[in-house]
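# Residue-level structural notes
Spelled out, the chains give:
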Amino acid sequence: MKDAAISQHLFSGALSGFAGAVLLQPLDLLKTRIQQGDVAQQRTLNTTAIWHTAGDIVKQDGVRGLWRGTTATLMRNVPGVALYMTSLTHLRAVMAKSPYFAIQEMRETKDGVKTVLPKVSNKGNLIAGATARVAVGLLLNPFSVVKARFESELYSYKSLTGSLISVLRSGPSESMRGVLASSLRDAPYAGLFVVLYEAVKREATFLAPNVYPTTIHSLSAASAGAIATMATHPFDVIKTKMQVRSEERYRGFTSTTLRIWQQRGIFGFFDGASLRMSRKVLSSVIGWAVFEGVLLLIHKGDQ
């Protein structure tokens, strides 16, 4: 990609990451609080636990308490989404030049330009999505640890900078905690998401060529986000436990998995699923609608 294109993708990705982080922080906060427990909780309805947790936060810190950790989330998500969107687009652009991953449209629509992103096969989308997401996750894992701990009530960090320095000084054992679980969550999530997003967008564009592009992007992102989220949620629970619990039994992937199973059985791997589902669907809609929308506006402005 040219330098101008890279800057456009970085800007669009950062803007979508910012919007999603600010608007949806309460869902992220509640998910972390519900997943952080270390007791065999009663199997009450998930909605009951959500309202109880939200009520406790509001009583203690007011409504503003629901946005605790927003700065840490911005520090993680703004560069994270920008780098992910840019690297994903770059990978797909490279793959599109290969006959192994290139896709040939068998039908045409009369919709005009509704996307400026490279088009590759499902296999290409799966590989590109997984590779880009895992690479960015590895790079920014220390920020993910800080984000999770800021949202948790188990740590009393006074400043964002101080907490990041503390995590980094502790070495890789702390700064890279939960990285395996994160990778096992992110690789299939991103791969599935990109495949489903492009498939739904392609079909929607063909079946409803006169629909506004933002509507198609939002519908495609919501559908892909919902399916990919539920398929990978157990790894999100494991990752959160490893990053916020300090006990020795939560320092390894296998020991954490066994601990969750012993305490809650299969239900434990879906703690906070409705919250993550809501957040991922909404963040996908916001993120991809903003990302593709901004790129389309820039594309039209350059014509």
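Bear in mind that the values here come from a model prediction, so they are computed numbers and not experimental data. (Residues numbered from 1 in each chain as written. Predicted model: local features only at pLDDT ≥ 70, side-chain atom pairs only at ≥ 80, totals over all residues. Heavy atoms only, no water.)

### Notes on the pattern of salt bridges
Applying the stated criterion across every chain yields a total of 15 salt bridges. A salt bridge links Glu 151 to Lys 147; the nearest nitrogen and oxygen atoms lie 3.0 Å apart. Remark: Lys 147 and Glu 151 occur in helix H5 (residues 141-151); sequence separation between them is four residues, near one turn of the helix. The class of Lys 147 is buried, set by a relative accessible area of 12%. (Salt bridge = Lys/Arg side-chain N within 4 Å of Asp/Glu carboxyl O. Helix = DSSP H or I, 4+ residues; strand = E, 2+ residues; numbered from the N terminus. Buried < 20%, exposed > 50% of the residue type's maximum accessible area, 1.4 Å probe, protein only.)

### Comments concerning the nonpolar core
In terms of nonpolar packing, the biggest core is built from 22 residues, with Tyr 84, Leu 88, Phe 193, Tyr 197, Trp 288 and Phe 291 touching the most fellow members. Broken down by secondary-structure element, the contributors of at least two residues to this core are helix H3 (70-96), helix H4 (122-139), helix H8 (179-207), helix H9 (213-244) and helix H11 (273-302). Non-local contacts of Phe 291, meaning those with residues more than four positions away in its chain, are made with His 9, Ser 12, Gly 13, Ser 16, Met 85, Thr 89 and Leu 117. Counting residues in each nonpolar core, the second largest holds 11 residues, with Leu 27, Ile 34, Ile 57 and Leu 275 among its members. (Core = buried A, V, L, I, M, F, W, Y, C linked by side-chain atoms within 4.5 Å. Contact = heavy atoms within 4.5 Å.)

### Describing empty space enclosed by the protein
Taken as a whole and assessed by the stated rule, the structure comprises two cavities of 30 Å³ or more. Here the largest cavity defines a volume of roughly 740 Å³. In terms of lining residues, the largest cavity is bounded by 38 residues, among which Asn 77, Val 81, Arg 133, Arg 279 and Lys 280 are the most central. If you list the elements that add at least two residues to the lining of the largest cavity, you get helix H1 (3-35), H3, H4, H5, H8, H9 and H11. (1 Å grid on protein atoms, 1.4 Å probe; cavity = no way out; pocket = protein on both sides within 12 Å on 5 of 7 lines; lining within 4 Å. Points joined across faces, edges and corners; volume = space filled by probe spheres on them.)

### Structural notes on H9
Over its 32 residues, H9 extends only 40 Å from the first C-alpha to the last, a length that falls short of the 46 Å expected when each residue adds 1.5 Å. Along H9, the helix axis deviates most sharply at Thr 232, where the bend reaches about 55°; the proline Pro 234 sits within four residues downstream. (Expected span 1.5 Å × (residues − 1). Bend = angle between axes of the 7 residues up to and from the residue.)

### Focus on the packing of aromatic side chains
If you walk through the whole model with that rule in mind, you get seven aromatic pairs. Consider the rings of Tyr 189 and Phe 193, whose centres lie 6.0 Å apart with planes at 25°: the pair is stacked. With Tyr 189 and Phe 193 both in helix H8, this residue pair falls four residues apart, about one helical turn. Each member of the pair Tyr 189 and Phe 193 is classed as buried. When the centroid spacing of 6.5 Å and the interplanar angle of 20° are considered together, the rings of Phe 235 and Phe 253 count as stacked. Of this pair, Phe 235 sits in helix H9 while Phe 253 sits in helix H10 (residues 253-264); the two residues are 18 residues apart in sequence, bridging distant segments of the chain. Through a chain of ring-to-ring contacts, the aromatic side chains of Tyr 189, Phe 193, Tyr 197, Trp 288 and Phe 291 assemble into a single cluster. (Phe/Tyr/Trp six-rings, centres within 6.5 Å; stacked < 30°, edge-to-face > 60°.)

### Here we look at the confidence of the model for the protein
Looking at the protein as a whole, the pLDDT averages 87, with 91% of positions reaching at least 70. Per-residue pLDDT, averaged within each element of the protein, yields its smallest value for H11 (86) and its largest for H4 (95). Ignoring residues within four places in sequence, the model shows residues 106-113, a span with pLDDT below 50, making nine contacts including any to other chains. (pLDDT = per-residue confidence, 0-100.)

### A short note on the side chain of Lys 280
Along the chain, Lys 280 turns up in helix H11. Nearest to the buried, unbridged Lys 280 among oppositely charged side chains is Asp 186, at 6.2 Å. Each residue touching Lys 280, except ones within four places of it in the same chain, is listed here: Arg 133, Tyr 189 and Thr 229. (Lys, Arg positive; Asp, Glu negative; His and termini not counted.)

### So, the environment of Ser 170
Note on placement: Ser 170 falls in the loop between helix H6 (160-169) and helix H7 (172-175). Relative accessible area serves as the criterion here: at 40%, Ser 170 is assigned to the partly exposed category. Put simply, Ser 170 and Arg 251 are 81 residues apart on the chain and 14 Å apart in space, counted from C-alpha to C-alpha. Only 2.9 Å separates the side chain of Ser 170 from the backbone oxygen of Ser 166, close enough to count as a polar contact. (Polar contact = N/O pair within 3.5 Å; in protein donor to acceptor, adjacent residues only side chain to side chain.)

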